[in-house]
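Read off the chains here:
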Amino acid sequence: MIPIVARQLFNFQELLLGRRSFKILSELNESQWWPQKKIQALQLERLQRLCRLAYTHVPYWRHMMDSNRFGLADMRSLEDLKRFPLLEKE
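For every chain, the first residue of its written sequence is number 1, and the numbers climb from 1 along that sequence. For a predicted model such as this one, the threshold for reporting local features is a pLDDT of at least 70, and the threshold for listing and counting side-chain atom pairs is 80 or more; totals across whole chains, interfaces and linings nevertheless cover every residue. Calculated side-chain values reflect all of the structure's heavy atoms, with hydrogen atoms and water omitted.

Colleague: When you look at the overall build of the protein chain in this model, what are you seeing that I'm missing?
Modeller: Scanning the protein chain from terminus to terminus reveals four helices and zero strands. Radius of gyration (C-alpha) of the protein chain: 19 Å, far over the 12 Å computed for a compact globule of 90 residues. Classification of the 90 residues of the protein chain by burial places 18% in the buried group. Here, two residues are considered to be in contact whenever any of their heavy atoms come within 4.5 Å of each other. Put simply, 33% of the contacts in the protein chain that link residues at least 6 apart link residues at least 24 apart. Per-residue and other accessible areas were derived by the Shrake-Rupley procedure at a 1.4 Å probe size, with only the shown protein chains allowed to occlude residues. When the accessible surface of the protein chain is totalled, it reaches about 7,800 Å², and 60% of it is carbon and sulfur. Working definition: helices are DSSP H or I runs of at least four residues, strands are E runs of at least two. Numbering for both runs from the N terminus. In this treatment the radius of gyration is a C-alpha quantity, and the globule benchmark scales as 2.2 Å times the residue count to the 0.38 power. Relative accessibility under 20% of the residue-type maximum defines a buried residue, over 50% an exposed one, and the middle range a partly exposed one, all with a 1.4 Å probe and only protein chains included.

Listed below in structure tokens is the structure:
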């Protein structure tokens, strides 16, 4: 198949399925050239968002954070991740 046609078909398929593959690819291509500080800021922002979602929607993680006195406001740097309660196999 002709590459440009294949790419357009794939793009259309992703659009129909509601996936953001090309947007994510574009963001990754751009962010690979960012300075380390900007990448760390993005990592922290995404980590904070993930912690908020886990706390809000998952009773287990809400209990773990509360019982370990780890509030959402305590995630101020990537170093704070070391204090985050870990999930154990049991």
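The rest of the description comes next.
Colleague: What is the right way to look at the side chain of Glu 14 in this model?
Modeller: If you trace the backbone, Glu 14 turns up in helix 1 (residues 3-17). Under the relative-accessibility criterion, Glu 14 is labelled buried at 4%. As used in this structure description, the phrase polar contact means that two N or O atoms lie within 3.5 Å; if the pair is within protein, one of them must be able to donate a hydrogen and the other to accept it, and residues adjacent in sequence are counted only when both atoms belong to side chains. Polar contacts involving the side chain of Glu 14 include one to the side chain of Ser 21, which spans 2.3 Å. Leave out the neighbours within four places in its chain, and Glu 14 touches Arg 19 and Ser 21.

Colleague: Help me understand the side chain of Asp 74 in this model?
Modeller: Relative to the elements of secondary structure, Asp 74 occurs in the segment after helix 4 (59-67). Look at Asp 74: it is buried, it has no salt bridge, and the nearest opposite charge is Arg 76 at 4.0 Å. A distance of 2.7 Å separates a polar atom in the side chain of Asp 74 from the backbone nitrogen of Gly 71. When near neighbours in sequence (up to four residues on either side) are disregarded, Asp 74 contacts Arg 69, Asp 80 and Arg 83. For the charge count, each Lys or Arg is scored as positive and each Asp or Glu as negative, with His and the chain ends excluded. By convention in these notes, a salt bridge is any Lys or Arg side-chain nitrogen within 4 Å of a carboxyl oxygen on Asp or Glu.

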